[in-house]
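# Fold and geometry: a report
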Amino acid sequence: EFAHLFHPYLGDEGRWLGEGLATYWQNVLRARSGLIASDEAWDELHDGFTRGRAQTRGGTTLAQASSVMMREHTFLRTYWAGAAYWFKVDVELRRASAGKLGVEEALRRFRGCCLAPPREWTPVEFVTKLDSLMGTDVFARRWREADAQTRFPDLAPYYAELGIVVDSDATLRVDDSAPGASVRRAILTPHSDTH
């Protein structure tokens, strides 16, 4: 829940964005602080993505599912598709910076310029500002894609790049020979600027 302090109030239309950050970040921060092992963090994330995928019904966008979450109980899809968004953005930021910059740096910069005084931001204002602060377009580009998506995000290319392998018995293991293994490790490694 502390992760909600890192972003502004985003209104009902930004529910999946805010809940997704809290869902993704809780697993990252628990691993970084040593509360859980990195393997357990990846297991937790993968299990959540699997549950979110199972609740996703085609024909409804993530924005629509998010807006009716309380009434139709689309919590798993809303939270975990949102978490998938932050995971993808984190990977892309770290890929572009040799593992040095990720979601936490964007949130740190946002806090420094824009979190106070408190006000409501639209989701597009928030992701556009994050892009501006990071000199990228990944936040808004991935947000537009996720908001309109009627299926759960395809994470297979990210898993393959990072070396997250799902075996035939559904157990998870990591492959340190994967091209993005260093990015995978950087996501769960404590940083001096971690919130």
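Residues numbered from 1 in each chain as written. Predicted model: local features only at pLDDT ≥ 70, side-chain atom pairs only at ≥ 80, totals over all residues. Heavy atoms only, no water.

A complete count under the given rule lists 18 salt bridges for this structure. Residue Arg141 is joined to Glu92 by a salt bridge in which the shortest nitrogen-to-oxygen separation is 3.7 Å. Here the residue Arg141 occupies a position in helix α8 (residues 138–148), and Glu92 occupies one in helix α5 (residues 75–96), the gap between them amounting to 49 residues. A relative accessible area of 31% places Arg141 in the partly exposed class. The shortest N-O distance in the salt bridge between Glu104 and Arg94 comes to 2.7 Å. (Salt bridge = Lys/Arg side-chain N within 4 Å of Asp/Glu carboxyl O. Helix = DSSP H or I, 4+ residues; strand = E, 2+ residues; numbered from the N terminus. Buried < 20%, exposed > 50% of the residue type's maximum accessible area, 1.4 Å probe, protein only.)

This brings us to the environment of Ser38. Within the secondary structure layout, Ser38 lies in helix α2 (residues 38–55). With relative accessibility at 37%, the residue Ser38 sits in the partly exposed group. For the pair formed by Ser38 and Ile187, sequence separation is 149 residues and the distance between their alpha carbons is 9.7 Å. Leaving out residues up to four positions away in the same chain, Ser38 has contacts with Ala31 and Leu188. (Contact = heavy atoms within 4.5 Å.)

Moving on, we get to a negative patch on the surface. Residues Asp39, Glu40, Asp43 and Glu44 make up a contiguous surface patch of negative charge. Its location among the elements puts Glu44 in helix α2. The class of Glu44 is partly exposed, set by a relative accessible area of 31%. (Patch = residues over 30% accessible without salt bridge, like charges linked within 9 Å, V, L, I, M, F, W, Y side chains within 5 Å. Areas by Shrake-Rupley, 256 points an atom, 1.4 Å probe, with all protein chains shown as cover. Lys, Arg positive; Asp, Glu negative; His and termini not counted. Charge placed at Lys NZ, Arg CZ, Asp CG, Glu CD.)

A pair of packed helices is characterised by two quantities: the angle between their axes and the separation of those axes. Running from N to C, α2 and helix α10 (residues 181–188) cross one another at 95°; their axes reach a closest spacing of 11 Å. As far as their axial angle goes, α10 and α2 are roughly perpendicular. The residues of α10 that touch α2, namely those facing Ser38, Ala41 and Trp42, are Arg184, Ile187 and Leu188. Broken down by class, the residue content of the contact of α2 with α10 amounts to four nonpolar, one polar and one charged. (Axes fitted to C-alpha atoms, helices over the stretch in contact; angles between N-to-C directions. Parallel < 35°, antiparallel > 145°, perpendicular 65-115°, else oblique. Nonpolar A, V, L, I, M, F, W, Y, C, P; charged D, E, K, R; others polar.)

Treat this as a map of the structure, not an account of what it does.
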